[in-house]
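# Per-entry structural report
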Amino acid sequence: MKKIYFLLIAFFTSTSLFATANHTKQVDINGTVLDEQRKPIDYATVGLFKSSDSSLVKTSMTTPEGKFSFPNIVAGTYYIKINMMGYQIYKGKSFVVATTAMNLPEILLIANSKTLNTVSIVATKPLLERKADKMVMNVENSAVAVGSSALEVLQRAPGVTVDQNDRISMQGKQGVLIMLDGKQTYMSQADVANLLRNMQSSEIETIELITNPSSKYDASGNSGIINIKTKRSKNGGANGSFVAGAAYGKNLRGNTGLNLNYRNKGVNVFGSYNFNKGTRSNIIDIDRISAGNATEPDTYFSQKGGDDRDFENNNFKVGADFFLNKNNTIGVLATGYLNSGLENAFNRTRIGKSFTQLDSTLHSNNTQKSSYRNFAYNLNYKSVLDTTGQEITADADYSRYNGRDNAELVNQYFFPDGSPVKPQGRLRNNSPSTIDIKAVKVDYVLPINKTTKFEAGVKSSWVETDNDLRAEEWRSNAWQNDVRRSNRFVYDENVNAVYSNFSKQFKNTSVQLGLRMEQTNSKGHLVTTNNVVERSYWDFFPTVYVQQTLSKNHQIGASYGRRIDRPSYDALNPFIYYLDQYTYNKGNPFLNPQYTNNYEVNYTLMQKYFLNIGYSVTDDAITEVILPDTEQKALFQTNENLQTQTVLSANLTVPVKIKKWWTINNNLNVFHMAFETPNLQGQALKTGQTSYQFRMQNSFIIMDGLTAEVNANYESPLTYGTLDLEERAFVDFGISKSIMKKKGTLRFAVSDVFDTNRTRLRSAFTGLNYNLYQKNETQLFRLNFTYRFGKNEIKPARRRSTGTEAEQGRMKN
């Protein structure tokens, strides 16, 4: 834990004592950090302290060659302190700085391994790390995350929830922007969920939770950004890893993957392939009452059903970074996936004048075969223009998505005695879809002086989507076009953006001001009816951040940011998809973008206790609603713009170290969420409720190479728009063992140990009466094996960082 304290203290106070001009004679202090094999250690944090009062003067990070430097140091007596994960903290002897540059002797760091009553405690990254602008979840060190999908891992992140329909919320708010390796996906909500569901945890290194992003990021995402960083080897030579695993709940699943990397002085080539296959099960029950009128009584529907989905997923990544010289790097990257599935859904709906008085039964069977293909390409360039840190980076991206769903729905009505009411009804859909995405961006960084930095950039993106629903109905012993449902929807969107950031570090205060301007052009074309919706608009998104160090143990900060959420492609798509004749989903092509003003205040105590208080107001809030179709006596799901959504939240992180081998990380998120709109299907809606989410993550070091985790999660009842959700709770367990001289790792995990993770909800919309129960296959027993192989070190001259790694390091500072 001391290591985390040191890193955070160093970050907040870096360079602050030398922010103003000093006319005293100044010199440079230089040094080199090596490990016990005399190999350079890169990215170690080096602190320069005054010997008189142990106050921090400056911090530095070691280069890939292990070197560090403190320029412009006034005469005096100092000492060096060095922190690096996996090594003991180094504190050197005092030395005197006079009037000439000083080159310190080589410094050796000792690997951090301590013995306590025959139990070996080896330093590892904590599951959660709090940094100045984000919370970082170290997935690769989690025993619980083993064998999980990225969507399941997200559900365990602090302040993040994933509902029964795979919608992602952060601190109670939907509208999260999902990024992969710092790049926007540009996919619809459904496609992002499908991508994350098919990505294995073995592919993920960290997940970054950014609640109030700076103007450098796209303005999308009213609740913030979740950046999923995939694994990429930093080691030299040829190396890699292999993973294989299996999981069992109600069905069997399996996964395997291979990661390869080669790195030398001039190039870094890397690639990965992951495969998983299995079956997922889901149960859904709905009891509802369709209100009658003066001449017709209420109608009662009791629906019980579920589905089994067979899936087969293939994900790959291949790329290379070419180090043209020490200041210029060019990289290429290709990623993609080939996924397929077969789903068999069944529903039995009892219909009558009460839940006990049966008039008829509807049997619905839906078979859907799907395939999804995505290929994405990236070309990137980075140039360091001078020794002050001035640099320019450029990216060009292209991706193409192809999806196809073929579904057939069979409906059959029966009288209570089992005889058919009418002939069987059959519907089928063939719905191909394509998404083309192009994007270019350029970023520039200019350090004006040691305490002042200017950043600027431009970006343009072009998205073209084409969704074609070809619906047919079985009539007169033949399939015939269903003109009521067949449709084609084409949506084009172009966003052009320019941003600037200015940051200044004073003695104990840091300030960052930013402004992003975005110009949007969109066109939605419902081809069948020739209905066109065009929009063109400019938006401005300012950001302000202030961070104040009150003392060694107390820091406070405040921030403001304006965000936008444009409707997702599937939300705009007006097609109707049936679960059965009385339950369906449809899009809304007339949705407007929503705008959010986010205000946050944060407080840090002793570098380990974190409190974040936020307030946000969203106009034209894009909200999923469930509403009645009174004409058809049906229930349907769609998206509407509600007038306002307000959220007041408080997020508290409290780590507790019970023993040296037992650490608990507690996270409490309390929020009040309210919705208000004057006209939703002819009536006013005003809902709101105070809710909370609590997560306790226990980490245990049992013995050398053997660790375990037990995580508990609780979510209180929540009102979201027209939905009243009941509480839910679940517990996860995992254990991990290093084997084969620590080149192999064996992990066993149980998700949802007591099988309690389920969803119950009812209507918060006046006049609509239903209760819904949904249970996914969440209780899974998982076993995974990972083996790492190859050369992990090369001689110092060949240790280089890629452009992406350097940029990430720059962001940390």
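I will try to describe carefully the structure that is included in this document. Everything numeric in this text was worked out from a predicted model, so none of it was measured.

### Remarks on the overall build of the protein
- Helix and strand counts for the protein come out as five helices and 49 strands.
- Pairs at least 24 residues apart make up 66% of the contacts formed inside the protein by residues separated by at least 6 positions.
- Total accessible area on the protein stands at roughly 35800 Å², and carbon and sulfur atoms take up 56% of it.

### Quick word on the side chain of N314
- Position of N314 among the secondary structure elements: in strand β24 (residues 299–325).
- Once residues lying within four places of it in the same chain are set aside, the contact partners of N314 are Y273, N274, F275, G336, Y337, L338 and N339.

### Thoughts on the pairing of strand β29 (residues 452–475)
- Sheet topology places strand β28 (residues 425–449) next to β29; 20 bridges connect them, and they run antiparallel. Bridged to I437 within β29 is V463.
- The loop that links β28 with its antiparallel partner β29 comprises two residues.
- In the sheet, β29 pairs with strand β31 (residues 487–505) via 18 bridges, with the strands oriented antiparallel.

### Some words on unusual backbone geometry
- Of note in this structure, S476 is not a glycine but carries a positive phi near 55°.
- You can see S476 is positioned in the loop between β29 and β30 (478–481).
- A residue is classified by how much of its surface remains accessible, and S476, at 69% relative accessible area, is exposed.
- Here the phi dihedral of D755 falls at roughly 55°; this positive angle occurs in a residue that is not glycine.

### Side note on the packing of aromatic side chains
- Inspection of every chain in the model, using the stated rule, returns 16 aromatic pairs.
- With centroids separated by 5.5 Å and ring planes inclined at 50°, the aromatic side chains of Y578 and Y584 adopt a geometry described as tilted.
- On the accessibility criterion, Y578 (28% relative accessible area) is partly exposed.
- Relative to Y714, the ring of Y692 lies with its centre 5.5 Å away and its plane at 40°, an arrangement referred to as tilted. Residue Y692 is located in strand β41 (residues 683–703), and its partner Y714 is located in strand β42 (residues 706–715); the two are separated by 22 residues in the primary sequence.

Scoring rules and cut-offs
- Residues numbered from 1 in each chain as written.
- Predicted model: local features only at pLDDT ≥ 70, side-chain atom pairs only at ≥ 80, totals over all residues.
- Heavy atoms only, no water.
- Helix = DSSP H or I, 4+ residues; strand = E, 2+ residues; numbered from the N terminus.
- Contact = heavy atoms within 4.5 Å.
- Areas by Shrake-Rupley, 256 points an atom, 1.4 Å probe, with all protein chains shown as cover.
- Pairing = 2+ DSSP bridges.
- Buried < 20%, exposed > 50% of the residue type's maximum accessible area, 1.4 Å probe, protein only.
- Phe/Tyr/Trp six-rings, centres within 6.5 Å; stacked < 30°, edge-to-face > 60°.

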